[in-house]
Amino acid sequence: MAAADEPSDPFVHAITVQWADCDPARIAYTGQIPKFALSAIDAWWAERVGIDWFALNVDHRMGTPFVHLDMDFRSPITPRHPLLCTVMLTKLGTTSLTFRVVGRQNKAVCFEGNFVCVAVSADDFRPGYPSADIRTRLESLLSERL
């Protein structure tokens, strides 16, 4: 993607929360919320970088396991409205990437979180580096804002 073609709008991924995602309190089970955020990050890779996690691992031989996450829960998530997850790449280290994800339903912030992954060789799980092409694309996406 050329710099002039870079998106200026924040990346928002819509998730349909289903009854099966909920606990007996009729709200999203806490364990599902990181899964929603990771699904949104995978969609960000596909849309913004042009490579989803599967292709990144299989075709580019690069894995991105997560080494840290933190989340704050602000409002319950239910199946009543779409969960709109805004994803932004906030930091790009030598082998690490940090994402910020904010989940909203019906205009209310439901969760906010930071997710840190590291680039590794998919073959031997040793630290690796994104290819120059992928790194250039990632660097151009650091300017996106929530």
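Residues numbered from 1 in each chain as written. Predicted model: local features only at pLDDT ≥ 70, side-chain atom pairs only at ≥ 80, totals over all residues. Heavy atoms only, no water.

Asker: Give a description of the state of the cysteines that names residues and reports values.
Answerer: Formally, a disulfide is one covalent bond, and it connects the sulfur atom of one cysteine to the sulfur atom of another. Enumeration over the complete set of coordinates arrives at zero disulfides. Summary of cysteine pairing: Cys 22 is not part of a disulfide, and the nearest cysteine sulfur, belonging to Cys 110, is at 12 Å. Here Cys 117 is not disulfide-linked; the sulfur of Cys 85 is the nearest cysteine sulfur, at 17 Å. Taking the relative accessible area as the measure of exposure, Cys 117 reaches 0% and is therefore buried. (Disulfide = S-S within 2.5 Å. Buried < 20%, exposed > 50% of the residue type's maximum accessible area, 1.4 Å probe, protein only.)

Asker: With reference to specific residues and values, describe the side chain of Arg 48.
Answerer: Relative to the assigned elements, Arg 48 resides in helix 1 (residues 32-49). Among the polar contacts made by the side chain of Arg 48, one reaches the main-chain carbonyl oxygen of Asp 9 at a distance of 2.4 Å. (Helix = DSSP H or I, 4+ residues; strand = E, 2+ residues; numbered from the N terminus. Polar contact = N/O pair within 3.5 Å; in protein donor to acceptor, adjacent residues only side chain to side chain.)

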